[in-house]
Amino acid sequence: MKLSVKGIKAVSASPKTKDYPVFLNDEATKPVRKLHSSLTGYEPTPLVVLDKLAKELGVKNIYVKDESKRFSMNAFKALGATYAMARVLCDRLGVSIDEADFNYFKSEEVKAKIADLVFVTATDGNHGRAVAWTAQMLGCKSVVYMPKGSSRFRLDAILSHGSDASITEFNYDDAVRLACKMADENGWIFVQDTAFEGYEEIPNWITQGYTTMAYEANKQILDKNLPVPTHIFLQAGVGSMAGAVLGYFANKYEAKLPKTIIVEPDAADCIYKSAEKATGEPVNVGGDLSTIMAGLACGEPNTVTWQILRDFAHAYVSCPDYVTVEGMKALAHPMDGDEMVISGESGAVGVGLLSLISKYKELDEIKKMLEINEDSSVLFFSTEGDTDPENYIKCINDTTKLDFDK
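Model, not experiment: these values are computed from the prediction.

Conventions used here
Residues numbered from 1 in each chain as written. Predicted model: local features only at pLDDT ≥ 70, side-chain atom pairs only at ≥ 80, totals over all residues. Heavy atoms only, no water. Salt bridge = Lys/Arg side-chain N within 4 Å of Asp/Glu carboxyl O. Helix = DSSP H or I, 4+ residues; strand = E, 2+ residues; numbered from the N terminus. Buried < 20%, exposed > 50% of the residue type's maximum accessible area, 1.4 Å probe, protein only. Axes fitted to C-alpha atoms, helices over the stretch in contact; angles between N-to-C directions. Parallel < 35°, antiparallel > 145°, perpendicular 65-115°, else oblique. Contact = heavy atoms within 4.5 Å. Nonpolar A, V, L, I, M, F, W, Y, C, P; charged D, E, K, R; others polar. Pairing = 2+ DSSP bridges.

Some remarks on the pattern of salt bridges
Pairing between side chains of opposite charge can happen when the charged atoms of each approach one another. Overall, the coordinates contain 23 salt bridges when judged by the stated rule. Across the salt bridge formed by aspartate 269 and lysine 9, the nearest N and O atoms sit 3.7 Å from each other. A residue pair is termed long-range when its members are at least 10 positions apart, and aspartate 269 in the loop between strand E10 (259-265) and helix H10 (270-277) and lysine 9 in strand E2 (residues 8-12) qualify at 260 residues. Take aspartate 269: its relative accessible area is 1%, and that puts it in the buried class. Its salt-bridge partner being arginine 310, residue aspartate 311 comes within 2.8 Å of it at the nearest N-O pair. If you follow the salt bridges from partner to partner, you end up with Lys65, Glu67, Arg70 and Glu216 in one network.

Side note on the packing of helix H1 (residues 30-37) against helix H8 (residues 201-223)
Direction vectors running N to C along H1 and H8 enclose 80°, while the axes themselves pass 9 Å from each other. Considering the angle they form, H1 stands roughly perpendicular to H8. Along the contact surface, H1 presents Val32, Arg33 and His36, while H8 presents Gln208, Gly209, Thr212 and Tyr215. The residue inventory of the contact of H1 with H8, partitioned by class, reads 2 nonpolar, 4 polar and 1 charged.

A closer look at the sheet that holds strand E6 (residues 141-146)
One open sheet holds the 4 strands; their spatial order is E7-E6-E5-E8, and the pairing between them is parallel. Two strands lie at the open edges of the sheet, namely strand E7 (164-167) and strand E8 (189-190), each paired on one side alone. Where E6 lies against E7, 4 bridges are found, and the strand directions are parallel. Across the sheet, the residue bridging to tyrosine 145 is serine 166, located in E7. Packing of helix H7 (residues 172-186) onto the sheet brings it into contact with strand E5 (118-122), E6 and E8, and relative to E5 it is tilted by some 160°.

Things to note about the packing of H1 against helix H3 (residues 78-93)
The geometry of H1 relative to H3 is characterised by a closest axis approach of 10 Å and an angle of 105° between their N-to-C directions. In this view, H1 runs roughly perpendicular relative to H3, as classed from their interaxial angle. In contact with Pro31, Val32, Leu35 and His36 of H1, H3 contributes Leu79, Thr82, Tyr83 and Ala86.

With respect to the environment of methionine 293
Here methionine 293 lies in the loop between H10 and helix H11 (303-312). For the pair formed by methionine 293 and threonine 324, sequence separation is 31 residues and the distance between their alpha carbons is 7.8 Å. Other than its neighbours up to four places away in sequence, methionine 293 contacts Pro265, Cys319, Pro320, Asp321, Thr324, Glu345, Ser346 and Val349.

Focus on the sheet that holds strand E4 (residues 61-66)
Strand pairing in a sheet relies on backbone hydrogen bonds. The paired strands run either parallel or antiparallel. In space, the 8 strands of this open sheet follow the order E1-E2-E11-E10-E9-E12-E4-E3, with mixed pairing throughout. Each of the sheet's edge strands pairs with one partner strand only, and the pair in question is strand E1 (2-5) and strand E3 (47-49). Taken pair by pair, the neighbouring strands of this sheet meet at an average axis angle of 20°, ignoring direction. Here E2 runs beside strand E11 (residues 315-319); their pairing, made up of 4 bridges, is antiparallel.

Given below as structure tokens:
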């Protein structure tokens with residue numbers, strides 16, 4: 001079933017397989033959590049329960065995992081970069097990840113062996129900063145390429161970690177190709193959070209790294225005796241984060257998997273278009289990929305996590321930028337009794353979609369497709385804070401009237 005209303009496009013699906021991605025289950029990701037717990041400053045990020053907003057939107061519960069509190073990164077991406085880079089170093093040093101944590105890399109002997117290594121990546125901001133931060137912590141070097149139009153603030157954040165970072169004239173996917181080329185030519189280590197043919201191992205380690213976020217959220221819900229989610233909204237760029245969380249929950253809940261909705265910017269909706277085409281193969285989106293959701297401005301799906309999104313998601317929604325602005329405002333200006341969540345452009349689109357389909361009758365058919373009702377308990381992952389502060393302030397103070405209001 002397909003729907004399109006006010007620029008919001010949705011297509012429904014049914015989970016097609018019980019072939020769960022075992023590399024994302026609890027047992028396979030134990031080393032991830034062990035490594036993360038060894039990092040200075042590690043603690044689970046908050047799970048914010050928004051009772052008043054839930055009542056306002058006519059659902060039972062709203063839970064928001066606030067990744068603006070992840071280390072000092074203001075975003076979740078360090079979960080993937082730290083684990084993948086540690087795995088790379090373990091392979092080079094001939095040790096098992098089960099035997100190493102971040103304290104292992106701090107010894108003078110190990111630091112001397114890795115000091116000349118260079119990690120290279122492409123980024124819209126958050127992943128590149130995570131790679132630069134991790135490299136700095138390890139005593140290694142980093143090179144980061146950003147797509148045209150990237151925020152100067154995000155570039156400066158990467159430079160602050162001693163990285164050789166620059167904004168290119170390419171879109172995101174071509175910046176990835178540039179980083180890959182430079183790695184080949186210079187003997188650098190290419191650490192990218194998307195998989196493609198011939199390049200899967202490191203992206204899969206990054207994807208495993210992201211499961212810590214899902215593990216924490218599930219544990220927090222159970223520890224607080226909250227109702228298990230009936231729905232999970234996951235935003236997607238290349239789909240690595242969405243695939244990680246969905247894969248973790250698919251393994252955890254199997255036939256009782258919460259209905260999972262994948263949301264994307266309409267200017268870079270490669271997952272939506274892949275689902276819409278329904279051949280089972282990923283579909284690429286080209287062009288400038290122009291959207292305020294910079295962290296989701298990716299036109300080519302991760303070939304591994306696409307299969308998870310294809311097989312286990314219940315719906316896919318392509319959203320204009322006004323949808324994420326709605327979510328940013330709702331979280332920045334909470335109702336009395338609810339906690340404020342600082343959620344950036346790439347973190348709030350799911351909340352924005354729920355808000356709009358709950359408020360406006362024109363979107364009732366999409367709400368019905370997603371099976372949202374008064375018994376719904378909805379989990380969101382706010383994957384970044386105000387990583388571009390100037391634009392964040394502009395968005396949360398936006399007073400533009402939507403067509404629905406006219």
